[in-house]
Amino acid sequence: MSPNRAVSRVGTPHDDAEQQDGSGLGLSGPLIPNVFDERTVRAMAELADVDVAIIGTGFGGLYALHKMRDELGLTVQSFEEAGGVGGTWFWNTYPGARSDTEVNAYCYLSDKNLFEEWKWSERYPKQKEILSYLNHCTDRWNLRPNIKFNTRVVKTTFNESTSRWELETDTGEKFTAQFLIEGVGLLSSTNYPDFPGQSSFRGQIYHTARWPKEEVDLRGKRIGVIGTGSSGTQVITELAPQAEHLYVFQRTPQFCVPANHGPLDPEKMKGIIEDFDSYRHSVLSSITSFGFDESPVPAMSVSPEEREAVFEEAWRQGNGFRFMFAAFSDIGVDPEANKAATDFLKKKMAQTIKDPVTLEKLTPKDYWAKRPLCNDGYFESFNRDNVSLVDVKEHPIVEFTEKGIRTDNAEYELDVIVLATGFDAVSGMYLKIDQSGLGGTTLQKKWEDRPHATYGMMAADFPNMFMIYGPMGPFTNQPPVHEWQVDWMADVIQHVRANNLATVEPSRELEENWMVSCDDIAYQTLFMKVDSWINGSNVVGKPVTNYFYMGGMGAYNELVTTSQKAGYPGFNFK
Ligand code: N01
């Protein structure tokens, strides 16, 4: 424990001795008293029958536990498969892992005191710093007694005679709850491709999202990285200077904007704190909830010179989402605007990447409509003598061998293979749990053709079941939206209880109308025209469809709040 921490009991995120599970944090008690004392919290934690069961302890699950227990006064049991809190930030410990959302929007925004007391160090914090923050929040809110760690919920069943959810865990325990909140993660279920011969490889294979907890020394190793998304570009940039040789196995090239990373601007944070409520309001009424001002100006409405100047400034400021949404209003929807942006990005790539063959292979041929990336030094990595790009569209991977990876024209000898192959996103984690609702309807059956859900938070035939950032929710930066959704869930739950009701669920009609609205918007965007996890096309056999409300957080906020104020039309309360 650092002396600083012992005195202030406010997290100092840069302590290398800090443990991944947070037990080294020295933050044993809450800074703000909870409504329950320690003994009551512990007694509640021993209950097998609770008001609310929560799955997951990432940003959403932790806030839900705090909200339901401390603000609503409900009994709560949370379940966490991992040995510590943090969700994504517990698992994704690969070299170079950090948020690529600016941190002023990558944190909880419902509590100004919390925002003010935690001192972030960098514009884009590293995994370790974010995990420290989440451990700090866990201890500040005294949440640990209500979390069962190393416990995976394997089955959830709605019992129609008791109107309660029954949960079974992989440890063989059984629980019941009136309400079930699933904060299982948009990007949690790993996409682990099964290459022929995988088990014959004599070296180590690591997936970025299941990186070993012990230190892995990759200095001087021959490393192969498969995948060039957010995880891949970060791990490649970090490992390039360390590797004896780094082979990047790229299937689809990606655009990548500089992050313009650096220390956090204290003046910016001070300004936010001074006007905190309006800052939070602006985040929750913007399109992306990334904490920057989005542009209302269409790209082709200005002169070519002005457009170039705007792109240049966006490039200088850095950040992929910022470039896409703050430069102009229509890069994600208008092919011409998108082309103007990609022409600019290609020009920058040509100025950076020295070898013309590598440049050609790294240059995307499609719209810029995968999830935008940002990273300082990604393309520069390919100018190094110890980095080689292998185009696996041109020369597909045939198999893993004892020595490495064999494509259809060469064998690459490797010590380590890093799978940066992403996730079975959005619906994947929900479908890993055996879930059944009314009349024995299973989620697996209901979502067979695509995930059907209402407002990204509930599903017809699954009463009292809530999903944090579930399918058909907004496509945004996540933490502030998680809080917003949990607050909505709390209001719904209070409505049920205040009126002595047992259950709430969206009607099928409301759900189908919501699906139609989501599709109407999504198919006007370019995100549906390019293969990626956003539309399910990254996983073999997964429905390729729309998984999001693409109308922006502001519109979503207004729509769902209006429905809330009108008494939840389309929801069945019983
Ligand atoms: O996953 P991805 P990710 N053979 O799906 C390739 C968040 N995140 O983990 O494009 C060869 O984007 C695949 O190729 P292709 C963020 O929201 C955030 O990188 O499908 N290649 C692709 O290149 C992000 O968008 C942060 O052709 C294969 C790559 O693997 C989301 O998580 C950090 C393959 C997967 O890219 C997912 O990012 C990390 C195969 N069989 C993640 N299968 C930050 O905040 C897949 N690929 C910084």
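The rules we used
- Residues numbered from 1 in each chain as written.
- Predicted model: local features only at pLDDT ≥ 70, side-chain atom pairs only at ≥ 80, totals over all residues.
- Heavy atoms only, no water.
- Near = heavy atom within 4 Å.
- Polar contact = N/O pair within 3.5 Å; in protein donor to acceptor, adjacent residues only side chain to side chain.
- Areas by Shrake-Rupley, 256 points an atom, 1.4 Å probe, with all protein chains shown as cover.
- Helix = DSSP H or I, 4+ residues; strand = E, 2+ residues; numbered from the N terminus.
- Nonpolar A, V, L, I, M, F, W, Y, C, P; charged D, E, K, R; others polar.
- Domains from an automatic or database assignment.
- Buried < 20%, exposed > 50% of the residue type's maximum accessible area, 1.4 Å probe, protein only.
- Pairing = 2+ DSSP bridges.
- Contact = heavy atoms within 4.5 Å.
- Patch = residues over 30% accessible without salt bridge, like charges linked within 9 Å, V, L, I, M, F, W, Y side chains within 5 Å.
- Salt bridge = Lys/Arg side-chain N within 4 Å of Asp/Glu carboxyl O.
- Lys, Arg positive; Asp, Glu negative; His and termini not counted.
- Charge placed at Lys NZ, Arg CZ, Asp CG, Glu CD.
- Axes fitted to C-alpha atoms, helices over the stretch in contact; angles between N-to-C directions.
- Core = buried A, V, L, I, M, F, W, Y, C linked by side-chain atoms within 4.5 Å.
- Buried area = accessible area lost by both parts, 1.4 Å probe.

Here's the deal with the site of the ligand
In the vicinity of the ligand lie 24 residues, with S231, R251, T252, K370 and W533 positioned nearest. A distance of 2.6 Å separates an oxygen atom of the ligand from a polar atom in the side chain of S231. Measuring from an oxygen atom of the ligand, one finds a side-chain N or O atom of R251 at 2.8 Å. Contact with the protein chains removes 88% of the 910 Å² of surface that the ligand exposes when unbound. Here the shell around the ligand gets 3 residues from one element, more than from any other, and that element is helix α7 (residues 230-239). Looking at the shell around the ligand residue by residue, the classes come out as 8 nonpolar, 11 polar and 5 charged. Each of domain 1 (38-189 + 425-573) and domain 2 (198-258 + 350-419) accounts for three or more of the residues forming the shell around the ligand.

Some points on the pairing of strand β14 (residues 416-419)
The alternating pattern of β14 places V416 and V418 on one face and I417 and L419 on the opposite face, and all of these are buried. As judged from the 4 bridges shared by strand β7 (residues 204-207) and β14, these two strands associate in the parallel manner. Within β14, the residue paired with Q204 across the bridge is V416. Bridge analysis of strand β8 (residues 222-226) against β14 gives 4 bridges, and the strand direction is parallel. Residue pairing for β14: I223 is matched across the bridge by V416.

Let's talk about the environment of M300
Within the fold, M300 resides in the loop between α9 (276-284) and α10 (304-317). Here the alpha-carbon distance between M300 and V539, two residues 239 residues apart in the chain, equals 35 Å. Ignoring any residue separated from it by four or fewer positions in sequence, one finds M300 in contact with R307, D334, E336, A337 and A340.

Describing a negative patch on the surface
Judged by side-chain charge, D265, E267, E274, D275 and D277 come together as a negatively charged surface patch. Mapped onto the secondary structure, E274 falls in helix α8 (residues 266-274).

Description of the sheet that holds strand β9 (residues 245-250)
Backbone-to-backbone hydrogen bonds pair the strands of a sheet. The strands run either parallel or antiparallel. One open sheet accounts for 5 strands, arranged β7-β14-β8-β9-β10; its pairing is parallel. Of all the strands in the sheet, just β7 and β10 (387-391) have a single pairing partner and so form its edges. On average, each strand axis in the sheet is tilted by 20° relative to the strand beside it, whichever way the strands run. Direction of pairing for β8 relative to β9: parallel, over a ladder of 5 bridges. Its bridge partner being in β9, I226 is matched across the sheet by F249.

Some points on the nonpolar core
Of all hydrophobic cores here, the largest spans 155 residues; its most connected members are M68 and W488. Sort the elements by how many residues they give to this core and helix α17 (residues 479-498) lands first, with 9 residues. Aside from chain neighbours lying at most four places away, what touches M68 is V52, G73, L74, V76, I181, V486, M489, A490 and I493. In terms of nonpolar packing, the next biggest core, distinct from the first, is built from 14 residues, F201, Y247, F400 and I405 among them.

Observations regarding the side chain of T407
Within the secondary structure, T407 sits in strand β12 (residues 404-407). T407 sits in the buried class, given a relative accessible area of 0%. At a separation of 2.9 Å, a polar atom in the side chain of T407 contacts the side chain of N409. Among residues more than four places away in sequence, those in contact with T407 are F249, V390, H395, P396, I397, V398 and Y412.

Here we look at the domain arrangement of the protein
Think of interface size as the accessible area that goes away when the parts come together; that is how it is often given. Annotation of the protein at the domain level lists domain 1 (38-189 + 425-573), domain 2 (198-258 + 350-419) and domain 3 (267-340). Placing the centre of domain 2 and that of domain 3 at their C-alpha centroids yields a distance of 30 Å. At the junction of the two partners, domain 2 supplies 9 residues and domain 3 supplies 10 residues. For the pairing of domain 2 and domain 3, the buried interface totals around 930 Å² over both sides, and the portion due to carbon and sulfur atoms is 74%. Taken as a group, P258, W368 and P372 account for 56% of the area that domain 2 buries against domain 3, more than any other trio of residues on that side. Scanning the region where domain 2 abuts domain 3 turns up 2 residue pairs in polar contact (both at pLDDT 80 or more). Of the residues belonging to the side of domain 2 that touches domain 3, the class tally is 8 nonpolar, no polar and 1 charged.

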